[in-house]
Amino acid sequence: MDFSNTWFIIDRNKQHEVISHEDLLKLDAHAYTLLQNFKTHQDAMSEMSQLVRQNISVANEKMDHLKKSH
């Protein structure tokens, strides 16, 4: 399978990133967690945006819960 034009969503340093296959090969394999791969950069960015929105929603729910408990 040719991964040269593949884009990946990774988790590195507790941050989501979209990275090309070429750049992924430059990383230490223990420095990131591979989450998903996509055929296009746009697809990867769209999915990452969704993940970020979910993380924001979860954080807001936690903050609301903390506000209610005080």
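Our subject is the structure listed above.
Residues numbered from 1 in each chain as written. Predicted model: local features only at pLDDT ≥ 70, side-chain atom pairs only at ≥ 80, totals over all residues. Heavy atoms only, no water.

**Some points on the environment of E17**
Tracing the sequence through the fold places E17 in strand β2 (residues 15-20). The contacts of E17, once residues within four sequence positions are left out, are F8, I9, I10, R12 and M48. Within polar-contact distance, the side chain of E17 engages the side chain of R12 at 2.8 Å. (Helix = DSSP H or I, 4+ residues; strand = E, 2+ residues; numbered from the N terminus. Contact = heavy atoms within 4.5 Å. Polar contact = N/O pair within 3.5 Å; in protein donor to acceptor, adjacent residues only side chain to side chain.)

**Digging into helix α2 (residues 41-69)**
The first and last C-alpha atoms of α2 sit 42 Å apart over 29 residues, in line with the 42 Å expected at 1.5 Å per residue. Listing the buried residues of α2 in full gives A44, M48 and L51. At its buried positions, α2 is contacted by β1 (7-12), β2 and β3 (33-38). (Expected span 1.5 Å × (residues − 1). Buried < 20%, exposed > 50% of the residue type's maximum accessible area, 1.4 Å probe, protein only.)

**A word on the sheet that holds β3**
Sheet strands pair by backbone hydrogen bonding; their relative direction is either parallel or antiparallel. The 3 strands are arranged β2-β1-β3 in an open sheet whose pairing can be described as antiparallel. If you trace the sheet from one side to the other, it starts and ends with β2 and β3, each paired once. Taken pair by pair, the neighbouring strands of this sheet meet at an average axis angle of 25 degrees, ignoring direction. Relative to β2, β1 runs antiparallel, the two being bridged by 6 bridges. If you follow W7 over to β2, its bridge partner there is S20. α2 contacts β1, β2 and β3 of the sheet and is inclined by roughly 180 degrees relative to β2. (Pairing = 2+ DSSP bridges. Axes fitted to C-alpha atoms, helices over the stretch in contact; angles between N-to-C directions.)

**Here we look at the pairing of β1**
Where β1 folds back on β2, the antiparallel hairpin that results is connected by 2 residues, among which N13 adopts a positive phi of roughly 55 degrees. In the sheet, β1 pairs with β3 via 5 bridges, with the strands oriented antiparallel. Bridged to I9 within β3 is Q36.

**Regarding the side chain of S20**
Relative to the assigned elements, S20 resides in strand β2. Residue class for S20 comes out buried when judged on its relative accessible area of 14%.

**Regarding the pattern of salt bridges**
The full count for this structure, using the stated rule, is 3 salt bridges. E17 is paired through a salt bridge with R12; the nearest N and O atoms lie 2.8 Å apart. One salt bridge connects D23 with K26, and the closest N-O pair in it is separated by 3.5 Å. Of this pair, D23 and K26 both sit in helix α1 (residues 21-26), 3 residues apart, which is roughly one turn of that helix. The network of salt bridges with common partners includes E22, D23 and K26. (Salt bridge = Lys/Arg side-chain N within 4 Å of Asp/Glu carboxyl O.)

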